[in-house]
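Descriptive structure summary
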Amino acid sequence: MKILAQNNVVTTRTIPVARKPINGMLVLGAVLLLIALSAWGYQLKEGLIVTNMRNSFSWGLYIATFAFFVGIAAGGLIVSSSVYLFNLEKLKPLTRIASLSAFACSLGAGAMILPDMGRIDRIYQMLLHPNFSSPLVWDVIVISAYIVVTFLSVYVQLLPDWQREGRGLLNGWTKKYSPEEIQFFSKKWSKRVAIIGLPFAVLIHTVTALIFATQASRGWWNTAILPPDFIAVAVASGTALVLLISLLYVGKEGFAEYQEAFRTLAVIVAGALIVHFFFVAVDLLVHGWWGSAEGHELFALLFGEYKFLYGTELLLPAFTMIFFFTKKGNSSRKSLILGCILLFIGVFAHRMMLMFPSFNAIPLTLNINGTGIEAWAYPVATGAYQEGVSSFVSSWPYFPTLLEMALGLLPFGVVIFVISLAFRLYFFLPNSSKK
Amino acid sequence: MEKNKAKLSRRQFLKGTAATGAMVGTMGAVGFANKAIADEVVSGESGSAPELKTVRTTCSPNCTGACGLNAIVENNEIKAIVQAADYPEQEYNPRGCLKGLSMMNLVYGPDRLQTPLIQKGKPGVDELQKATWEEALDYTAQRLKEIAAKYGPESIGVAFQVGGTSYVHKGAMSRLATLAGWNIHHAYDQNGDLPMFWPMTFGVQSEELEPSEWLNARYMAVFGSNILATRLPDAHFLVEARNKGTKVIVFDPSYSPTAAKADEYIAINGSSDAAVALGICKVILEEGLYDQNFISTFTDMPLLVRLDNGKRLKADEVEGLTKPTDTPTYREAFVAYNGNFLTVHSERLDLPENLLLEGEVEVPLKSGERVIAKPVFQLLKESLNHYTPEAVEKESGMKPDDLVRIAREMATIKPLHIVYGASNYQWYHGDLKGRALALINVLTGNIGQPGAGISTYAGQYRIRLKVGEWWVPEGRKQNWLPFLYVLNGPTENMKAKYPKDGIKALITGWGNPFDQHNMSNILRERVQSGELEFVANIDFQMTTSCEYSHVVLPGVTWYEKTDLTASPVHPYLQLQQPAITPVYEGRPELWIFRELAKRLNPEFEKYFFPGLEPDQAAEEVIKLLLKTGGPNCAGITLEQLKQGPVRLKSEVPGDRQIPFYEQVHGKRPFPPQSLPAKLEQTAQFVKSGRIEFYKDEDAFIEAGEQLPVHKPPFEESEYALNPAAREKYTFNFVTRNAIYRVHSTHSNNIWMNELQEGKAHIWLNPTDAEEKGIKQGDEVEVYNDRGKLLVYAVVDAGVGRKVAMFEQGWWSRYLKETSYNSLTYPFIKPTHEVYFVPGMWAPNTAWNECLCDVKKVGDQL
Amino acid sequence: MKLGMVIDLDKCIGCRTCAVACKSHNAQPPGTWWNRVFTPGSPYHQSAVGEEGNLQMNFLPVSCQMCDNAPCEKVCPVGATYTDERGVVLVDFERCIGCRYCIAACPYNVRQFNWEDPKEVKKRAGYKEGYEYGYPAEARDKDGRLVYTPNRPVGVVEKCTFCFQYTSQGEEPACVQSCPSQARIFGDLEDPDSEVSRLIRDRQAFRLKEELGTQPKVYYLPASKPNR
Ligand SMILES: Nc1nc2c(c(=O)[nH]1)N[C@H]1C(S)=C(S)[C@@H](COP(=O)(O)OP(=O)(O)OC[C@H]3O[C@@H](n4cnc5c(=O)[nH]c(N)nc54)[C@H](O)[C@@H]3O)O[C@H]1N2
Ligand SMILES: Nc1nc2c(c(=O)[nH]1)N[C@H]1C(S)=C(S)[C@@H](COP(=O)(O)OP(=O)(O)OC[C@H]3O[C@@H](n4cnc5c(=O)[nH]c(N)nc54)[C@H](O)[C@@H]3O)O[C@H]1N2
Ligand code: SF4
Ligand code: SF4
Ligand code: SF4
Ligand code: SF4
Ligand code: SF4
Ligand SMILES: [Mo]
């Protein structure tokens with residue numbers, strides 16, 4: 001009741017925030033969570049056999065989705081730190097949204113990794129026996145840290161509002177201070193957190209990329225380009241997410257007011273994509289130039305079996321990149337939304353493509369001398385049994401099961417729910433913007 | 001229950017056990033070797049030590065392996081199996097294969113028979129109903145009595161597969177069949193395992209070198225025997241021999257794993273081996289590379305043959321000669337020439353050296369006629385004239401240069417061992433091919449020497465001891481009927497006695513004829529139409545044959561009973577010993593036959609050790625068999641056997657198994673005895689007492705097969721049956737054996753099927769596959785006018801052109817209810833009907849003499 | 001001590017007995033194979049490679065290569081995969097969290113995951129009720145870590161243990177004991193007099209994917225026969 005009243009106050013502000021869509025999103029988030037959690041329950045009962053992952057293709061949609069959310073989680077701190085590092089004052093109003101998006105996405109990423117564990121009940125072993133040579137341990141550490149940092153970032157930025165409105169989280173202590181003091185505190189710490197957070201933003205991508213890039217067993221991953229490319233993609237997609245959320249948050253009505261900020265974001269996205277494509281080109285060149293059997297197999301997969309997905313990965317972001325550099329692309333609300341969505345699809349395809357060529361190019365390939373057979377992949381036992389069906393495969397046409405897709409909704413549910421709940425509860429454009 | 005003392009691990013890799021003990025630490029489990037030594041109870045360091053027991057038994061499917069295996073047993077359940085590796089000759093350790101080691105899957109698998117079953121509806125269609133032993137045995141006895149009363153007991157056919165795997169329990173079946181006057185179908189010719197060249201040439205059922213002798217050979221020529229699959233536990237000898245410098249050469253239409261391990265692989269056309277062999281012999285004769293002394297002493301080469309009638313000249317016919325009075329009735333005295341005509345004594349190999357081998361002589365007969373006669377050697381030489389390298393190439397595809405080179409190698413590198421595989425003689429002219437190949441060994445004197453000879457390695461055919469006391473009670477007469485007649489009906493020339501109403505009931509054990517035997521579909525139809533009125537099957541699992549039976553009686557495996565085995569190849573006497581009590585309601589077969597016997601006729605019970613538990617009774621039988629088994633097992637006791645395998649005795653120093661060693665080294669007449677036949681039964685096959693290449697019985701003369709000749713396949717079989725087949729069916733349906741099965745046994749073994757993509761396959765040459773539009777993994781129909789088979793394609797460049805190669809042994813349910821033996825045909829070759837001694841000279845099945853076509857499923861013709 | 005294995009590809013007849021022995025003695029559920037034998041170059045085991053006149057067929061058994069520099073061990077976030085004092089790479093069944101990072105990391109694809117409760121799979125395969133195959137007792141290392149159990153928990157990774165339950169007793173692994181061709185030799189690589197050390201010295205022993213630097217302790221002896 002009380003909250004509603006205050007909400008009414010909010011609606012009278014100059015920035016109209018669409019309440020209905022937010023309620024709708026909240027419900028959507030809740031529904032997605034419900035679906036995902038029930039799927040998880042079923043998976044816990046039956047085992048990971050309900051997914052379409054097998055020994056030969058042991059990471060799938062879950063890890064790809066995890067990597068996707070890690071990627072878009074970057075945006076928050078990149079936007080806010082750019083404000084401070086590059087004095088991009090235009091973006092300042094969007095820093096709260098940026099932080100919130102980062103927080104929600106890193107929560108989502110963290111949530112996604114859990115159902116991928118065969119024995120989630122033993123997750124405490126990570127605390128008891130962390131093995132620091134494992135990139136996964138570092139990833140858990142940096143992601144946890146990032147969740148904390150992004151939470152703090154949201155927190156310090158919302159503090160002045162909360163103090164003023166006499167509500168919020170963990171803000172009892174602010175009562176002792178004057179609004180000005182808190183305002184000052186918020187400003188100072190927003191900046192600090194953003195700058196402290198930046199290395200974490202870079203780290204989560206680096207470390208997540210290192211999970212893959214360290215593995216000499218998988219040629220597709222085993223490249224030093226993977227971490228910088230992860231960062232490039234993260235800058236692009238993370239920024240695009242902030243852009244998208246902001247566009248939705250300010251609505252048609254507020255578009256004009258923030259148009260400059262939006263355009264700046266679009267250009268950041270496009271710029272990051274240039275870097276990304278540069279890496280892609282270099283990577284393909286390096287894989288292809290040597291002409292090894294593994295390289296051939298990889299190309300056969302990329303441009304054969306997975307040409308559609310690979311095309312999606314390449315073409316959609318390429319379109320967005322070009323589009324966002326054009327006036328037409330970066331200055332209308334619709335085209336910005338379109339560009340972001342296409343980019344997300346492309347980046348999601350990119351994350352899936354981390355898995356496909358890698359797992360389907362079986363690492364143990366052999367050259368068979370004197371027979372004209374260049375590469376032969378040693379078959380793998382799938383780990384699943386069905387009468388009349390082979391237990392050994394040399395490739396696995398992985399496609400996520402319905403259940404996997406349902407469970408894969410988990411981070412989407414988390415992100416949508418957290419963001420819309422936050423939007424519903426608090427105000428995310430700073431007061432300063434109304435002045 | 002027998003506890004085994006033998007240690008389990010063949011080698012221990014750690015030197016000191018102290019170090020080991022320290023390392024084990026708090027480990028609860030204690031290794032089973034220690035367990036075996038500690039005998040049942042081990043006080044482990046923690047309470048979780050399992051109570052393990054190991055029991056040594058002999059793996060005894062229809063495979064020549066006869067591998068000693070240890071069952072690791074906990075709580076009356078077999079947990080794992082490992083080779084016993086307890087043969088006194090280290091080179092035989094460890095013996096056993098993937099099938100033997102996964103036998104748990106059959107013992108405890110879903111197809112294990114749980115209770116007796118009775119068919120109350122239509123066989124093959126309706127479900128069999130569970131029954132008590134009482135009901136099932138009563139019913140079986142009643143039906144058999146009815147049929148015997150109506151058609152005579154000889155209308156009841158019995159098949160229990162070959163004997164070496166089970167002297168006791170199979171013996172019980174033989175015993176009952178004999179008492180009841182039933183007809184027995186000898187498994188050896190039913191299987192196609194009988195290499196007819198053996199009785200024709202050497203007067204024996206079949207012989208071979210034991211595999212460790214391969215190491216003594218310097219040249220090993222393998223003609224269509226896939227040793228890596230079908231002699232799996234012995235295959236290492238082949239590789240070791242090769243690495244010791246023995247030249248290994250494989251002749252096969254298809255490139256097999258065995259070919260891959262050989263020094264040389266020669267691709268030849270299907271069933272062209274006789275042409276190759278005779279081509280080789282021609283080179284040997286032309287270049288004088290033969291052993292004149294050997295052929296004069298041990299063979300019929302010096303015997304004279306009358307040109308007027310093609311018969312061998314008998315001493316009794318020749319002026320001045322008489323048949324020695326001590327010539328047994330089953331023998332004949334023939335004639336040789338060294339300036340004078342000489343009587344060739346059939347029991348002595350003592351002719352002078354200067355015999356006429358080439359040329360001709362005029363012979364004055366007692367009748368006053370004079371006839372021209374030539375020595376066999378001369379005739380052979382003339383007949384070999386056709387086999388020029390070029391002519392051989394035309395038939396076989398083998399290059400002339402290769403032929404000449406290999407002929408010289410084979411003639412000069414000694415000892416020479418030829419392996420003539422079952423698959424290769426399971427052709428219509430399999431006998432001719434064997435005679436031609438044996439000729440190479442004989443001409444070069446490669447017989448009866450360490451590492452030398454010709455071997456045919458087939459299933460557990462051979463009987464290694466005298467079993468009469470147990471198998472044939474009180475010397476009664478047995479009725480025998482070759483299985484091919486059951487399918488074909490009687491023929492004009494048959495020597496076996498065909499029952500007046502044919503076979504009306506079938507009792508089978510240790511076999512799965514409704515998949516494995518000719519015209520399996522006809523057999524199925526006969527049961528369903530009622531022509532075959534009653535089928536009872538004794539097995540431990542639900543085979544296709546069980547599905548078509550009226551009564552199914554659950555037997556047990558070699559882990560659940562006591563029996564005595566002796567494999568033909570691997571010359572040890574070994575026990576099957578119960579590791580566990582029978583699973584479900586299975587019963588040792590001896591018990592089943594005793595129960596059946598007493599229901600058929602209360603008088604019969606006394607023949608089966610009434611009152612004794614099956615294992616006790618089995619021990620009594622073993623004692624009887626050891627006592628009456630003759631020289632091969634003289635002195636061997638049951639107690640010794642319980643300690644481990646005991647080598648069978650032989651006349652070769654070291655009890656080695658080298659066929660005809662005694663003949664060659666002791667100049668004894670051919671043949672040695674082939675158990676269980678009496679010598680007079682088999683000695684009639686080689687009446688001269690010598691190795692015979694010239695056969696003058698009428699059927700041979702009619703066929704033009706007095707001497708070994710090459711005859712192309714299909715002419716007298718498929719094309720004679722249906723001339724249209726020449727155009728219509730151009731693929732040769734070859735059914736070989738798989739490493740994953742022993743025939744149909746293990747066809748349902750889950751792990752074996754995992755290893756085969758869960759599917760049955762047909763192997764095709766890439767060119768043929770392409771012509772037929774078939775790709776790797778496609779579903780393919782293999783068919784002819786008689787039947788069809790549904791399988792999946794393996795496209796393999798090693799497969800010969802126009803060969804459709806199938807690994808036989810799949811139960812119908814894995815073939816969408818089709819059957820590979822619906823394509824094959826029970827051809828009977830007239831020369832196989834010249835004599836009849838069960839399982840020794842009888843019409844032999846020719847699985848590979850079969851034509852078919854292939855098409856991708858879904859394709860129209 | 002550093003335990004290792006030598007597999008003589010010349011002697012190997014491709015019979016897959018070792019794979020089956022491994023499966024049974026180590027209670028692997030249907031669908032799981034710690035030890036595989038295939039014919040390199042061929043889509044189906046024991047079918048020929050090459051073309052008419054130039055055919056070959058070689059067999060290559062592959063199980064855990066027991067890498068000295070084991071990527072699976074390095075990536076394991078909880079140290080469930082570790083190398084014991086004998087040089088054997090093991091998995092602690094009670095610690096593994098089932099992240100499957102090690103599967104992705106292993107260049108030899110030997111790691112197997114229990115996607116489903118093994119008991120359920122066996123039930124589906126139709127074994128007699130309550131029947132379980134495999135060495136019937138647990139085995140723990142000296143620190144009490146569970147490295148073998150016939151009743152495999154769902155959701156954990158497993159692989160060849162060099163038959164811990166046997167080798168820790170000084171016995172040979174099941175695959176070595178059962179190879180009818182005696183193509184597998186097991187022993188201490190650090191002992192210069194051991195048969196494995198001798199064979200590695202005397203024959204041109206090689207290791208799989210040596211270029212990755214995993215330093216396997218499984219060595220192969222080449223088949224001596226060329227194409228024909
Ligand atoms: N087309 C074609 N057909 C062929 C062949 C071919 O090459 N091509 N090969 C032929 C040859 S060479 C042979 S030898 C035959 C083999 O033919 P079969 O001997 O009929 O075939 P198996 O599958 O060995 O059948 C043995 C049966 O006995 C059962 N059994 C095993 N041990 C025991 C026991 O102790 N007690 C009882 N009660 N039952 C037991 C098994 O469960 C199995 O069902 O097949 C022949 N059929
Ligand atoms: N694993 C396993 N071992 C077994 C058995 C089993 O079922 N499984 N069964 C046992 C029994 S009962 C038997 S009878 C034996 C059979 O043992 P083998 O005689 O070895 O029988 P196959 O496997 O049928 O065939 C071997 C080869 O013969 C070739 N071949 C076919 N026709 C010809 C020909 O005309 N000329 C030449 N040169 N080669 C030809 C085929 O291409 C094939 O490569 O195996 C015994 N061993
Ligand atoms: S199936 Fe034959 S080769 Fe294999 S273990 Fe048994 S007897 Fe030996
Ligand atoms: S058991 Fe021995 S011969 Fe058979 S596949 Fe394994 S290593 Fe090779
Ligand atoms: S082979 Fe694979 S599982 Fe084995 S030690 Fe090496 S990386 Fe680990
Ligand atoms: S699956 Fe288990 S053993 Fe493998 S890396 Fe994860 S925790 Fe370690
Ligand atoms: S050592 Fe043991 S666990 Fe490893 S492959 Fe051999 S049998 Fe399997
Ligand atoms: Mo056979």
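- Looking at an unreviewed UniProt entry, one finds chain C named Fe-S-cluster-containing hydrogenase subunit and attributed to Desulfitobacterium dichloroeliminans.

- Chain A carries the name Polysulfide reductase in an unreviewed UniProt entry, which gives Desulfitobacterium dichloroeliminans as its organism.
- Checking UniProt for chain A, the heading Sequence similarities (unreviewed entry) contains the comment "Belongs to the NrfD family."
- Per its UniProt entry, chain A bears the Subcellular location (unreviewed entry) comment "Cell membrane".

Focus: the overall build of chain A
- A tally of regular secondary structure across chain A gives 15 helices and 4 strands.
- Over its C-alpha trace chain A gives a radius of gyration of 23 Å, about what one expects of a compact globule, namely 22 Å for 435 residues.
- Every one of the 435 residues in chain A was classed for burial, and the buried ones make up 60%.
- The contacts of chain A with a sequence gap of at least 6 include a subset with a gap of at least 24, amounting to 78%.
- Only carbon and sulfur atoms are counted for the fraction: they give 71% of the accessible area of chain A, which is about 17,600 Å².
- Measuring between centres, the 31 positive side-chain charges of chain A sit 15 Å from its 21 negative side-chain charges.

Structural notes on the site of ligand 7
- Near ligand 7 there are 13 residues, and of these Cys22, Cys160, Cys163, Pro173 and Cys175 of chain C occur at the shortest range.
- Taken together, the residues of the shell around ligand 7 break down into 9 nonpolar, 4 polar and no charged.

Remarks on the nonpolar core
- Counting 286 residues, the largest nonpolar core has Trp59, Phe212, Trp221, Met355 and Phe428 of chain A together with Tyr559 of chain B as its most contacted members.
- Per element, the largest residue contribution to this core is 28 residues, and it comes from helix 9 (residues 226-289) of chain A.
- The residues touching Trp59 of chain A, leaving out its near neighbours within four places in the chain, are Met53, Asp116, Ile211, Phe212, Trp221, Met355 and Phe359 of chain A together with Cys99, Arg100, Tyr101 and Ala104 of chain C.
- Within the second largest apolar cluster, 91 residues are counted, among which are Ala221, Phe298, Leu403 and Tyr420 of chain B.

Considering the interface of chain C and chain A
- Between chain C and chain A, the residue contacts involve 58 residues of the former and 58 residues of the latter.
- Summed over both sides, the interface of chain C with chain A buries roughly 4,500 Å², with 58% coming from carbon and sulfur.
- Of all residues in chain C, the largest losses of buried area upon contact with chain A belong to Ile97, Tyr101 and Trp115 of chain C, amounting jointly to 18% of the total for that side.
- The interface formed by chain C and chain A includes 1 salt bridge.

As for the environment of Leu355 of chain B
Residues and elements named next belong to chain B.
- Mapped onto the secondary structure, Leu355 falls in the loop between strand 13 (341-344) and strand 14 (361-364).
- As for Leu355 and Gln292, which are separated by 63 residues in sequence, their C-alpha atoms are 9.9 Å apart.
- Not counting residues up to four positions away in its chain, the partners in contact with Leu355 are Ser296, Pro302, Ala336, Tyr337, Asn338 and Leu342.

Re the interface of chain C and chain B
- With 77 residues of chain C at the contact, the number on the chain B side is 82 residues.
- Between chain C and chain B, roughly 6,500 Å² of surface is buried when both sides are summed, and carbon and sulfur atoms account for 58% of that area.
- Remark: the boundary between chain C and chain B carries 2 salt bridges.
- Measuring nitrogen to oxygen at the nearest pair gives 3.0 Å for the salt bridge that ties Glu754 of chain B to Lys23 of chain C.
- Put simply, the parts of the chain that give the side of chain C that touches chain B at least two residues each are helix 1 (17-25), strand 3 (49-51), strand 4 (54-56), strand 9 (139-140), helix 5 (164-167), helix 6 (174-178) and strand 12 (184-188) of chain C.

A look at the environment of Lys314 of chain B
All names here are of chain B.
- Take Lys314: it is sitting in the loop between strand 11 (304-306) and strand 12 (334-337).
- Under the relative-accessibility criterion, Lys314 is labelled partly exposed at 34%.
- With 21 residues separating them in the primary sequence, Lys314 and Val335 have C-alpha atoms 5.9 Å apart.
- If we ignore the near neighbours within four places in the chain, the residues touching Lys314 are Glu332, Ala333, Phe334 and Val335.

Points about the side chain of His761 of chain B
- Looking at the secondary structure, you find His761 of chain B in strand 26 (residues 761-764).
- Side-chain polar atoms of His761 of chain B contact the side chain of Glu757 of chain B, separated by 3.4 Å.
- Within the structure, His761 of chain B has its side chain in polar contact with the backbone oxygen of Lys759 of chain B (distance 3.1 Å).
- Residues contacting His761 of chain B, with those up to four places away along its chain left out, are Gln756, Val791, Tyr792, Ala793, Val794, Met805, Phe806 and Glu807 of chain B together with Tyr44 of chain C.

Section: the site of ligand 5
- Near ligand 5 you find 14 residues, and of these Cys64, Cys67, Cys72, Cys106 and Arg111 of chain C are the closest.
- Residues of the shell around ligand 5, tallied by class, amount to 11 nonpolar, 1 polar and 2 charged.

Quick look at the sheet that holds strand 1 (residues 3-8) of chain C
All names here are of chain C.
- Spatially, the 3 strands line up as an open sheet ordered 12-1-13, and their pairing is mixed. Strand pairing shows two members of the sheet lacking a second neighbour, strand 12 and strand 13 (218-221), which therefore form its edges. Across the sheet, the axes of successive neighbouring strands diverge by a mean angle of 20 degrees, strand direction being ignored.
- Seen against the sheet, helix 7 (residues 195-202) touches strand 1, strand 12 and strand 13 and runs at an angle of roughly 115 degrees to strand 12.

What to know about the packing of helix 15 (residues 389-396) of chain B against helix 16 (residues 400-412) of chain B
Residue and element names in this part refer to chain B.
- Two elements in contact, helix 15 and helix 16, have axes whose closest approach is 8 Å; the angle formed by their N-to-C orientations is 110 degrees. Our classification of the angle between helix 15 and helix 16 gives roughly perpendicular. Where helix 15 crosses over helix 16, the two elements pack in a sense that is right-handed. Of the residues in helix 16, those touching helix 15 at Pro389, Glu390, Val392 and Glu393 are Pro400, Leu403 and Val404.
- Class assignment of the residues belonging to the contact of helix 15 with helix 16 gives a composition of 5 nonpolar, no polar and 2 charged.

Let's talk about the pairing of strand 2 (residues 68-74) of chain B
Residue and element names in this part refer to chain B.
- Of all 7 residues making up strand 2, 7 are buried, and the element is well covered by its neighbours.
- Going residue by residue along strand 2, you find Gly68, Asn70, Ile72 and Glu74 tucked away on one face and Leu69, Ala71 and Val73 tucked away on the opposite face as well.
- Both strand 1 (residues 53-58) and strand 2 contribute to a ladder of 6 bridges, which runs antiparallel. Its bridge partner being in strand 2, Val55 is matched across the sheet by Ala71.
- In terms of strand pairing, strand 2 meets strand 3 (residues 77-83) through 6 bridges, oriented antiparallel. The residue bridging Ala71 from the neighbouring strand is Ile81, located in strand 3.
- Once strand 2 ends, the chain turns through 2 residues before running back antiparallel as strand 3, passing Asn75 with a positive phi of about 45 degrees.

Calculation criteria
Residues numbered from 1 in each chain as written. Chains lettered and ligands numbered in written order. Predicted model: local features only at pLDDT ≥ 70, side-chain atom pairs only at ≥ 80, totals over all residues. Heavy atoms only, no water. UniProt positions renumbered as here; feature names shortened; annotations may be inferred. Helix = DSSP H or I, 4+ residues; strand = E, 2+ residues; numbered from the N terminus. Rg over C-alpha atoms; globule rule 2.2 N^0.38 Å. Buried < 20%, exposed > 50% of the residue type's maximum accessible area, 1.4 Å probe, protein only. Contact = heavy atoms within 4.5 Å. Areas by Shrake-Rupley, 256 points an atom, 1.4 Å probe, with all protein chains shown as cover. Lys, Arg positive; Asp, Glu negative; His and termini not counted. Charge placed at Lys NZ, Arg CZ, Asp CG, Glu CD. Near = heavy atom within 4 Å. Nonpolar A, V, L, I, M, F, W, Y, C, P; charged D, E, K, R; others polar. Core = buried A, V, L, I, M, F, W, Y, C linked by side-chain atoms within 4.5 Å. Buried area = accessible area lost by both parts, 1.4 Å probe. Salt bridge = Lys/Arg side-chain N within 4 Å of Asp/Glu carboxyl O. Polar contact = N/O pair within 3.5 Å; in protein donor to acceptor, adjacent residues only side chain to side chain. Pairing = 2+ DSSP bridges. Axes fitted to C-alpha atoms, helices over the stretch in contact; angles between N-to-C directions. Parallel < 35°, antiparallel > 145°, perpendicular 65-115°, else oblique. Left-handed = near helix turned anticlockwise from the far one by under 90°.

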